[in-house]
Amino acid sequence: MPELYSMQFLLFLAAVLICYYAAEKLFPRFQWVILLCASLFFYTWAGLPYVVFLLAVSAACYRASHIFAEPGVSAENKKRVMVGVLLLHFLILGLFKYTGLFRRWSGWVIPLGLSYYTFQSVSYLLDTYNGKQEAAGSFWKYLLFLSWFPQLLQGPINRFGAMAPQFFRSRKFDSRLFRKGLMRYGYGVLKKYAVANMLAATVSHIFTQVDGDISGCVVVFGILVYSFQQYTDFSGGIDMVMGVSELFGIEMSENFRQPYFAVSLADFWRRWHISLGAWMKDYVFYPLALSKPMRKWTQHLRRKFGMQWSRSLPAGAANIAVFFLVGLWHGADLHFLVWGLFNGLVIAVSDCMAPLYRKVNLPKKGAGIRLFRTLRTFIIVNIGWYFDAITDVRDSFICLRNTFTRFRASAFAGDILIYQIPYRRENYMIAAVALLIVFVVSLLQERGVDVREGLLKKPAVLRLCLYLFCALLVLMAFPFAAEAGGFMYANF
Amino acid sequence: MEELLKVLGEIRPDVDFAGETALIDDQILDSFDMIAIVSAFDEHYGVTVKPADLVPENFNSAEAMLAMINRLKK
């Protein structure tokens, strides 16, 4: 697979853009065919055999959606088709994601974008089954929705209803939108290459050498670095692919909304990997929380214990199940499951305690309380990262224990040397400057400012200086990167 | 409508259900509230709201919720 900044990819992108906007003049009704051809070409770039799975999922789901629309088919048969196609999706996903044996036997790797297109396809399947979405007009149109090349690398998980009207209308070149797309791509490059890649080895070197003596201050440093590395890696990659998609005038689902400004853990999960959270809410949380046994349990709790418990316990239990699945989606490893359960439990307990919070007479508005809640949430999120960044649960607990019992702040300068992090001071300086830019942009976005629109209104000289400064940071970063530039959320 | 406002007020006493028109779009209600509301509708009005009905158009205001309840009653 070519890197998103490689010359190969940029040439491919330029060729597709030229063809796409030329097609608007030649055959506007079929402009989308260029996108489909480009997406299939991109997919085969990652390996021809994997196209089979994409085609199988697309064909089964497309056919099923038309069976749901046929008046002569009984409800029972429609349900059978839905369950069968659903199983096919998860069979393919499970085979690749959770059976190393299959991958070793076949010699195959996880197909590009498997999780993302599986989730997209399942949402379409269930929405057409429930009558919330009309079936796609043609198989090829549906195939484009699943294979749209910018979304294959690391999402977001798009919905057919939001994408179809954008794909299938003719589109003239719009220089303003195009420049905004370029800006977003560039912002993603800055995040990924001037921050994430400057920090990656710090995390890997610290947390692969955990022993009982590890200092709490080193652990906290590693976890903080991880929280910024992971955010800039994932959201930077998303910015890049969103930017690429916007060059074609196509806006995909937002995946991040300044998550580290969240005021509670539940709020954090409404701002982080938004498209996965929304998918889990619509297709796992609600169906589970509103299943017959759960409804009965809710009503029983309401009669016995009143409103608060009937509200918090069933929804909390369904939420824990959701986070268990989110953990499992990250990988069939114990640490991911503990991490998922930690998040689910904290949110459930927090909801149970809501009446208590209401009784404590804390101010509801104001900068002070907002800052307090944001910092509290940041700490809780970072405790969760102990079970995400560290791959051995025993090591996670050792690190957590030593954070509180063996902090040794004064010994940091000596202790950090043990881990032989292959970085120089320049790494952290580049990352710090780029992070400052990300912080300012995020702060403006949190206040509702459209940063890109605002920038376009500034004088050209100022914009040029800003772009050159960011480009310089990225160029300076490349020689200092200790690890190759893959994305953390690719290959899911 | 008054009965509905009373039911909703028991679930989220801090929300002005009579005046709000973007309860979902402005993220005033979260998914836990939605489950509590659906369960309350089940008990008070005898209607079964399905997961597919949990869309912003049905829950953005008390008025929209009432319209949905009346639709489901038929």
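Look above for the structure.
Computed from a predicted model, the values in this text were never measured in an experiment. (Residues numbered from 1 in each chain as written. Chains lettered and ligands numbered in written order. Predicted model: local features only at pLDDT ≥ 70, side-chain atom pairs only at ≥ 80, totals over all residues. Heavy atoms only, no water.)

Caption draft 1: Region of interest: the overall build of chain B. From N to C terminus, chain B includes 4 helices and 0 strands. When the helices and strands of chain B are listed from N to C terminus, the series reads α-α-α-α. What you see for chain B is a C-alpha radius of gyration of 11 Å, in line with the 11 Å of a compact globule of 74 residues. Viewed in the frame of its principal axes, chain B has a C-alpha envelope of about 30 × 25 × 20 Å. Of all 74 residues assigned to chain B, the portion counted as buried reaches 49%. At a minimum sequence separation of 6, the contacts of chain B that also span at least 24 residues come to 56%. Element-wise, carbon and sulfur atoms account for 45% of the exposed surface of chain B, whose accessible area totals about 3,600 Å². Charge centroids of chain B, computed over 6 positive and 15 negative side chains, lie 9 Å from each other. (Helix = DSSP H or I, 4+ residues; strand = E, 2+ residues; numbered from the N terminus. Rg over C-alpha atoms; globule rule 2.2 N^0.38 Å. Buried < 20%, exposed > 50% of the residue type's maximum accessible area, 1.4 Å probe, protein only. Contact = heavy atoms within 4.5 Å. Areas by Shrake-Rupley, 256 points an atom, 1.4 Å probe, with all protein chains shown as cover. Lys, Arg positive; Asp, Glu negative; His and termini not counted. Charge placed at Lys NZ, Arg CZ, Asp CG, Glu CD.)

Caption draft 2: Fine view of the interface of chain A and chain B. Taken together, the contact between chain A and chain B spans 22 residues of the former and 22 residues of the latter. When the two sides are added together, the surface that chain A and chain B hide from each other amounts to roughly 2,100 Å², 61% of it contributed by carbon and sulfur. Residue assignment for the side of chain A that touches chain B shows that the elements contributing at least two residues are α13 (274-289), α14 (292-305), α15 (307-330) and α16 (334-352) of chain A. No other element matches the 6 residues that α15 of chain A contributes to the side of chain A that touches chain B. (Buried area = accessible area lost by both parts, 1.4 Å probe.)

Caption draft 3: Region of interest: helix α1 (residues 2-11) of chain B. Residues and elements named next belong to chain B. Burial in α1 covers these residues: L4, V7, L8 and I11. Looking straight down α1, one finds its buried side chains confined to an arc of 95°; they lie on one side. Exposed residues pointing more than 90 degrees away from the buried face of α1 are listed as E2 and K6. (Arc of directions from axis to C-beta.)

Caption draft 4: Spotlight on the packing of helix α3 (residues 51-69) of chain A against helix α6 (residues 114-129) of chain A. Residues and elements named next belong to chain A. Packing of α3 against α6 brings their axes to within 9 Å, and their N-to-C directions diverge by 10°. In terms of orientation, α3 lies roughly parallel with respect to α6. The segment α3 lies against α6, with F53, L54, V57, C61, A64, S65 and F68 engaging Y117, S121, Y124, L125, T128 and Y129. Residues that form the contact of α3 with α6 fall into these classes: 10 nonpolar, 3 polar and no charged. (Axes fitted to C-alpha atoms, helices over the stretch in contact; angles between N-to-C directions. Parallel < 35°, antiparallel > 145°, perpendicular 65-115°, else oblique. Nonpolar A, V, L, I, M, F, W, Y, C, P; charged D, E, K, R; others polar.)

Caption draft 5: Representation of the packing of α13 of chain A against α15 of chain A. All names here are of chain A. It is at 9 Å that the axes of α13 and α15 come closest, and there the two elements cross at 135°. Regarding the angle of α13 to α15, the classification is oblique. As α13 packs across α15, the resulting crossing turns out to be right-handed. Between α13 and α15, the contacting residues are L276, M280, V284, F285, L288 and A289 on the first element and A315, A318, N319, A321, V322, L325, V326 and W329 on the second. Across the contact of α13 with α15, the residue classes tally to 13 nonpolar, 1 polar and no charged. (Left-handed = near helix turned anticlockwise from the far one by under 90°.)

Caption draft 6: Representation of the environment of A317 of chain A within the structure. Residues and elements named next belong to chain A. Within the secondary structure, A317 is located in helix α15. For A317, a relative accessible area of 34% gives the class partly exposed. Residues A317 and V441, 124 residues apart in the sequence, show an inter-C-alpha distance of 37 Å. Leave out the neighbours within four places in its chain, and A317 touches M294 and W297.

Caption draft 7: Here's a closer look at a nonpolar patch on the surface. All names here are of chain A. Together, L436, F439, V440, L443, L444 and V449 give the surface a local cluster of nonpolar side chains, amounting to about 480 Å² of exposed area. Relative to the assigned elements, V449 resides in the loop between α21 (425-446) and α22 (451-456). A residue is classified by how much of its surface remains accessible, and V449, at 38% relative accessible area, is partly exposed. (Patch = residues over 30% accessible without salt bridge, like charges linked within 9 Å, V, L, I, M, F, W, Y side chains within 5 Å. Salt bridge = Lys/Arg side-chain N within 4 Å of Asp/Glu carboxyl O.)

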